[in-house]
Amino acid sequence: MKNIILDVDTGIDDALALAYAVHSPELNILGVTTTFGNTSVSEATRNTLQLLQLLGAENIPVFHGVEETFTGRKPAEKTTWIHGENGLGNAQLPPARKQVENMKAHDFLISTVHSYPNDITIITTANQGNLARAIQKDPEIVHLVEDVILMGGAVTVQGNTTPYAEANIYHDPEAAKFTFQSGIPMTLVGLDVTLKTLLKRSTLDDWRKKDTLLSHFLANMCEFYMDAYAERNSNLNGCALHDPLAVGVAIDSSFVKMKTMSVHVITEGKEKGQTVGKDNEDGNMKVCMDVDVQRFVDHFLSRVCLDS
Ligand code: BDR
Ligand code: CA
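Residues numbered from 1 in each chain as written. Chains lettered and ligands numbered in written order. Predicted model: local features only at pLDDT ≥ 70, side-chain atom pairs only at ≥ 80, totals over all residues. Heavy atoms only, no water.

A. How the structure looks around unusual backbone geometry. Cis geometry is found at the peptide bond from Thr 10 to Gly 11, where omega equals -5°. As for its placement among the helices and strands, Gly 11 is situated in the loop between β1 (2-8) and α1 (12-22). Although it is not a glycine, Asp 211 adopts a positive phi angle of roughly 55°. Here Asp 211 shows up in the loop between α9 (201-210) and α10 (213-231). (Helix = DSSP H or I, 4+ residues; strand = E, 2+ residues; numbered from the N terminus.)

Encoded structure:
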């Protein structure tokens, strides 16, 4: 079993990633940390607690991140048009019985890395703020983490927030610049691969037929996401499994082909949030360049909607 921490801005595809991870026996989820992006931090925390309850995984502790960027700016507006007013495509879940933990997200990251030296993978599916704060407070942790698998960036393709920038990097480019330069091992799962892995509308019907609380919730939530894209005439025929692919890479890295590169983040001007990569065998991260789409999507679908 691989020990992991998930760092999320739950978020529709974050919710799919959480369900996939909870249902994967290869992963031991030690905790979930939250941040802003698709939603505010408190909404991401609320959504995460409610979802873990639905998944029968309330035992997994949830830790609240900081409500501002690494350089102290207010977060950008949440993306209600794609993730809904509540972050879950307006699909409803019962209130959570469990509370968020008292410890801050970055302190949890630091203490858990020390408890599992060289035996922990951090999967980030949101901005890099929690990880950046953890490394800033305790730089030693960069030598104790097995890998950081991050959904973020677009090295060979256009961005999705601006023509240059992918959303998770755009939300806090200074944090990403800091973690990318920190020396922590990283695997970048960017739009280069995630835009190839799509959930099709027909899957929603399959889920509704299963007729469980989870299957209806997933179908309602993903329908909102698909409608949002369709309304804007996207040529994506379905919704992209961005965050689930990062979990997939943690379970089985053979889903993707990677290349070692030097990647840096632009923090100013119209290219703000762009991830610029150069081939370099001694570079700072492995970058996913291609994905075995069918094998990954089948694997994801075989797990995400299991009964708890
Ligand atoms: C990423 O941005 C967020 O909106 C999604 O949850 C995903 O993590 C895709 O660019
Ligand atoms: Ca996300």
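B. Fine view of the packing of aromatic side chains. Taken as a whole and assessed by the stated rule, the structure comprises six aromatic pairs. The interplanar angle of 65° and the centroid separation of 6.1 Å between the aromatic rings of Tyr 20 and Phe 296 together place this pair among those described as edge-to-face. One end of the pair, Tyr 20, is in helix α1; the other, Phe 296, is in helix α12 (residues 293-304), and 276 residues separate them in sequence. Of the two residues, Tyr 20 and Phe 296, both sit in the buried class. Each member of the aromatic cluster is reached from another via a ring pair, and the members are Tyr 20, Phe 255, Phe 296 and Phe 300. The aromatic ring of Tyr 170 is capped on one face by Lys 272, whose charged end is 5.0 Å from the ring centroid. (Phe/Tyr/Trp six-rings, centres within 6.5 Å; stacked < 30°, edge-to-face > 60°. Buried < 20%, exposed > 50% of the residue type's maximum accessible area, 1.4 Å probe, protein only. Lys NZ or Arg CZ within 6 Å of the ring centre and 35° of its normal.)

C. The side chain of Asn 38, seen in detail. Looking at the secondary structure, you find Asn 38 in the loop between β2 (27-34) and α2 (41-54). Among the polar contacts made by the side chain of Asn 38, one reaches the side chain of Asp 14 at a distance of 2.9 Å. Not counting residues up to four positions away in its chain, the partners in contact with Asn 38 are Asp 9, Gly 11, Asp 13, Asp 14, Lys 78, Thr 79 and His 83. (Polar contact = N/O pair within 3.5 Å; in protein donor to acceptor, adjacent residues only side chain to side chain. Contact = heavy atoms within 4.5 Å.)

D. Representation of the sheet that holds β1 within the structure. Read from one edge to the other, the open sheet built from nine strands follows the order β3-β2-β1-β4-β5-β6-β11-β9-β10, with strand pairing classed as mixed. Both outer strands of the open sheet, β3 (62-63) and β10 (275-279), are each paired with one neighbouring strand and no more. Relative to β3, β2 runs parallel, the two sharing two bridges. What sits directly across from Thr 33, in β3, is Phe 63. Most of the contacts of α2 go to β2, to which it runs at about 150°, and overall it touches β1, β2 and β3. (Pairing = 2+ DSSP bridges. Axes fitted to C-alpha atoms, helices over the stretch in contact; angles between N-to-C directions.)

E. Local environment of the coordination of the calcium ion (ligand 2). Listed as protein donors to the calcium ion (ligand 2) are Asp 9 (OD), Asp 14 (OD), Asp 14 (OD), Thr 125 (O) and Asp 243 (OD); their distances from the metal cover 2.2 to 2.6 Å. Written as a sequence motif, the donor arrangement for the calcium ion (ligand 2) is D-x4-D-x110-T-x117-D. In this pair, Asp 9 is assigned in the loop between β1 and α1 and Thr 125 in the loop between β4 (121-124) and α5 (129-137), connecting sequence segments 116 residues apart. Per residue, the accessibility class of Asp 9 equals that of Thr 125, and both read buried. (Donors = N, O, S within 2.8 Å, 3.2 Å for Na, K, Ca; no water.)

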